[in-house]
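# Summary of the model geometry
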Amino acid sequence: MVQEERTVRFDHDLQIEAYHFHGIMQKFPNHFHEYYVIGFIENGQRRLSCKNKEYVIGTGDLIFFNPLDNHACEQIENKTLDYRCLNIKPEIMRKVTKEITGTDYLPHFTNPVAYRSEQTSLLHNLHEMIMNESPNFKKEETFYFLIEQLIEEYAETPKETEDGVNEQKIRNICQHLEAHYKERITLDDLARISNMNKYSLLRSFTRFRGITPYRYLQTVRINEAKKLLEQGVKPLDAALQSGFVDQSHFSHFFMEFIGLTPGQYQNIFIHHVK
């Protein structure tokens, strides 16, 4: 029999809750919340009732509950459920939505279920970062992109207006990342430097550079680490000197970017030394 697990995290950076229910059988009676719930079925099936409409939801399906949406759910054929969700207070949703759209309002998700949604993987990645208490930069970046996609795809929202890209501000951000890659950098730092809100910064930077600020920073760090490895610096020292928090974190990104471990890359140069 599957051991039931329930894990809850409050993310102080994002000011949201994350729930992970594994192997649960519980039936939830008709109820509502005063906050948004954005979740997905990781494994299993449920019969959902929301605002007097019935749905059968399963693996990969996204679920949206606006504040005060009444809903209930129960298991199907006594099967267990694996479920992850984010709970977002209206004031947090309003703040993020204003940064994304430029309009001060609360989005309304028009349908409580999105079957086999493309955004499930992005929500899963963000949820994992919260559960693992990951550093704020990439986590916050993922949160903004997720909310943007969900609003655009599933919510009623005023037509968004685009201001265009301020190329000089993006160049200033790049210069800052290249000069301070060894330091701890946050989206707040970059927003302050560029005099942009965080979402506008993310969107403009990504359009101008083709990658997110976080990926740009990690690319700068990897390139600096490569130079150190080529000079014979030990991988651990190369990791710390190029701004990574530990060797494991460094090795993961190095393999992802280069396709080799730091040691394998360094051996290329060691073997060419006369």
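None of these values were measured; they are calculated from a predicted model. (Residues numbered from 1 in each chain as written. Predicted model: local features only at pLDDT ≥ 70, side-chain atom pairs only at ≥ 80, totals over all residues. Heavy atoms only, no water.)

### Looking at the overall build of the protein
A tally of regular secondary structure across the protein gives ten helices and twelve strands. Seen through its C-alpha atoms, the protein measures out along the principal axes to roughly 75 × 50 × 25 Å. When each of the 274 residues of the protein is scored for burial, the buried share is 47%. Summarising the internal contacts of the protein: among those between residues at least 6 apart in sequence, 69% fall at separations of at least 24. As displayed, the protein offers around 14500 Å² of accessible surface, 48% of which is attributable to carbon and sulfur atoms. (Helix = DSSP H or I, 4+ residues; strand = E, 2+ residues; numbered from the N terminus. Buried < 20%, exposed > 50% of the residue type's maximum accessible area, 1.4 Å probe, protein only. Contact = heavy atoms within 4.5 Å. Areas by Shrake-Rupley, 256 points an atom, 1.4 Å probe, with all protein chains shown as cover.)

### Some words on the nonpolar core
If you look at the biggest cluster of nonpolar residues, it comprises 62 residues, and the most contacted ones within it are I38, L86, I88, F109, F143 and I147. With nine residues, the top contributor of residues to this core is helix α3 (residues 136–154). Other than its neighbours up to four places away in sequence, I88 contacts I16, Y35, Y36, I38, M93, F143 and I147. (Core = buried A, V, L, I, M, F, W, Y, C linked by side-chain atoms within 4.5 Å.)

### Some words on the packing of helix α5 (residues 187–194) against helix α6 (residues 198–209)
For the pair α5 and α6, the least separation of the axes is 9 Å and the interaxial angle reads 85°. As summarised for this structure, α5 and α6 are arranged roughly perpendicular, according to the angle between their axes. Here L187, D188, L190, A191 and S194 of α5 come into contact with α6, specifically with K198, L201 and L202. Within the contact of α5 with α6, the residues separate by chemical class into five nonpolar, one polar and two charged. (Axes fitted to C-alpha atoms, helices over the stretch in contact; angles between N-to-C directions. Parallel < 35°, antiparallel > 145°, perpendicular 65-115°, else oblique. Nonpolar A, V, L, I, M, F, W, Y, C, P; charged D, E, K, R; others polar.)

### Focus on the confidence of the model for the protein
For the protein, the average pLDDT comes to 89, and 95% of its residues sit at 70 or higher. Here residues 159–165 is modelled with pLDDT under 50, and outside its nearest four sequence neighbours on either side it reaches ten contacts, counting other chains as well. (pLDDT = per-residue confidence, 0-100.)

### Points about the sheet that holds strand β4 (residues 36–43)
One open sheet accounts for six strands, arranged β1-β2-β9-β4-β7-β11; its pairing is antiparallel. Strands with a single pairing partner mark the edges of an open sheet, and in this sheet they are β1 (5–11) and β11 (113–114). Here strand β7 (residues 62–65) pairs with β11 via two bridges, running antiparallel. Across the sheet, residue L62 finds its bridge partner in β11, namely A114. (Pairing = 2+ DSSP bridges.)

### What to know about the pattern of salt bridges
In total, this model carries 18 salt bridges according to the counting rule given. One salt bridge connects E128 with R84, and the closest N-O pair in it is separated by 2.8 Å. Highlighted residues: E128 in helix α2 (residues 120–131) and R84 in strand β9 (residues 81–88), separated in sequence by 44 residues. Residue E128 is classed as partly exposed on the basis of its relative accessible area of 28%. Measuring nitrogen to oxygen at the nearest pair gives 2.7 Å for the salt bridge that ties E140 to K198. A residue pair is termed long-range when its members are at least 10 positions apart, and E140 in helix α3 and K198 in helix α6 qualify at 58 residues. The network of salt bridges with shared partners includes D11, D13 and K139. (Salt bridge = Lys/Arg side-chain N within 4 Å of Asp/Glu carboxyl O.)

### What about the sheet that holds strand β8 (residues 71–75)?
As summarised here, the arrangement of the four strands in space is β3-β8-β5-β6, forming an open sheet in which the pairing is antiparallel. The sheet is open, and its two borders are formed by β3 (28–31) and β6 (53–58), each paired with just one other strand. Pairwise comparison of adjacent strand axes, ignoring direction, gives a mean angle of 20° for this sheet. Pairing between strand β5 (residues 45–50) and β6: six bridges, direction antiparallel. Opposite L48, over in β6, you have Y55 as the bridge partner.

### Observations concerning helix α9 (residues 247–258)
In this model α9 runs 15 Å from its N-terminal to its C-terminal C-alpha over twelve residues, within 8% of the 16 Å that 1.5 Å per residue would give. Among the residues of α9, those classed as buried are F250, F253 and F254. Down the axis of α9, the buried side of the element spans an arc of 105°, and every buried residue falls inside it. For α9, the exposed residues lying more than 90 degrees away from the buried face are S248 and H252. Of the surrounding elements, those touching the buried residues of α9 are α7 (213–230), α8 (235–241) and α10 (262–270). Where α9 begins, the side chain of D246 points an oxygen toward the backbone nitrogen of S248, at a separation of 3.2 Å. The positive-phi residue at the C-terminal boundary of α9 is G259, with phi of around 85°. (Expected span 1.5 Å × (residues − 1). Arc of directions from axis to C-beta. Polar contact = N/O pair within 3.5 Å; in protein donor to acceptor, adjacent residues only side chain to side chain.)

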